[in-house]
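Secondary and tertiary structure notes
This is what each chain is made of:
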Amino acid sequence: MSVQEEVLEEVEIKEEVNQQNEIVVFNDEVDTFDHVIDMLIAACDHDPLQAEQCTMLIHYKGKCAVKTGDYDDLKPRCSQLLDAGISAEIH
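Small disclaimer: the values here were computed from a predicted structure and weren't measured.

1. Some remarks on the environment of H46
Tracing the chain through its elements places H46 in the loop between α2 (33-44) and α3 (48-61). Judged by relative accessible area, which is 5%, H46 ranks as buried. Taking the C-alpha atoms as reference points, H46 and V66, 20 residues apart in sequence, are found 8.7 Å from one another.

Here's what the structure looks like:
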């Protein structure tokens with residue numbers, strides 16, 4: 001194995017370890033802006049402005065990545081959003 005192959009292999013392994021997941025929230029016709037904002041503040045630790053901006057993106061773009069991090073951190077947050085009736089997935 002050449003030095004170049006060893007370095008490339010090492011970089012690929014580090015990328016896999018550092019891969020971050022994200023919670024994506026999808027637009028629906030049921031939840032109010034206020035409900036989504038309140039839940040982003042509660043579940044994702046957003047400040048009010050950040051929650052409002054994400055909610056606007058969800059409404060106009062159809063979806064928004066609202067939280068990035070490790071899967072173990074995101075899972076209970078996503079569950080909290082789902083329990084509140086908000087359409088969300090971890091990607």
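From this point, the narrative continues.
2. Points about the nonpolar core
Residues I23, V25, L40, V66 and L81 are the most contacted members of the largest nonpolar core, which totals 18 residues. Listed by contribution, the elements that provide at least two residues to this core are β1 (21-26), α2, α3, β2 (63-69) and α4 (71-83). Take this core: its biggest share by element is 6 residues, from α2. Setting aside its immediate chain neighbours within four residues, I23 contacts C64, A65, V66, K67, L74, R77, C78, L81, A88, E89 and I90.

3. Let's talk about α3
Since the α-helix packs 3.6 residues into each turn, any two residues three or four apart lie on the same face. For α3, with 14 residues, the first-to-last C-alpha span of 20 Å sits near the 20 Å given by 1.5 Å per residue. Regarding α3, the residues found buried are A51, C54, T55 and I58. For α3, the buried positions fall inside an angular range of 100° around the axis, keeping them on one side. In α3, the exposed residues that point more than 90 degrees away from the buried face are L49, Y60 and K61. Next to the buried residues of α3 lie β1, α2 and β2. Once α3 ends, the next one or two residues include G62, with phi positive near 95°.

4. Description of the sheet that holds strand β3 (residues 88-90)
The strand order across the open sheet formed by 3 strands is β2-β1-β3, and the pairing between neighbours is antiparallel. Strands with a single pairing partner mark the edges of an open sheet, and in this sheet they are β2 and β3. Neighbour-to-neighbour, the strand axes of the sheet open up by a mean angle of 20°, direction not taken into account.

5. Some details on the pairing of β1
Inspection of the sheet shows β1 paired to β2 by 6 bridges, in the antiparallel sense. Residue pairing in the sheet places E22 in a bridge with T68 of β2. Judged from the 3 bridges that link them, β1 and β3 form a sheet pairing that is antiparallel. Each residue of the ladder has a partner; that of V24, found in β3, is E89.

6. Some thoughts on the side chain of R77
Mapping R77 onto the fold places it in helix α4. Under the relative-accessibility criterion, R77 is labelled buried at 14%. Contact partners of R77, with chain neighbours within four places excluded, come to I23, A43, C44, D45 and K67.

Reading the values: the criteria
Residue positions within a chain follow its written sequence, with the count starting from 1. For this predicted model, a pLDDT threshold of at least 70 governs which residues receive local features, and a threshold of 80 or more governs which side-chain atom pairs are given and counted, while totals over whole chains, interfaces and linings are taken from all residues. Only hydrogens and water are set aside when side-chain values are computed; all heavy atoms of the structure are taken into account. Strands are runs of DSSP state E lasting at least 2 residues, helices are runs of H or I lasting at least 4, and numbering of each runs from the N terminus. Partly exposed describes any residue whose relative accessible area lies between the buried limit of under 20% and the exposed limit of over 50%, with all areas from a 1.4 Å probe on protein chains only and scaled to the type maximum. Here the nonpolar core consists of buried residues drawn from Ala, Val, Leu, Ile, Met, Phe, Trp, Tyr and Cys, with membership extended through side-chain atoms lying within 4.5 Å. The contact criterion used throughout is that any non-hydrogen atoms of two residues lie within 4.5 Å. Helix span, expected: 1.5 Å multiplied by one less than the number of residues in the helix. The arc refers to the directions leading from the helix axis to the C-beta atoms. The pairing criterion is simple: DSSP has to find at least two bridges between the two strands. Geometry is summarised by axes, namely lines fitted to C-alpha atoms with helices restricted to the contacting stretch, and by angles between N-to-C directions that run from 0 to 180 degrees.

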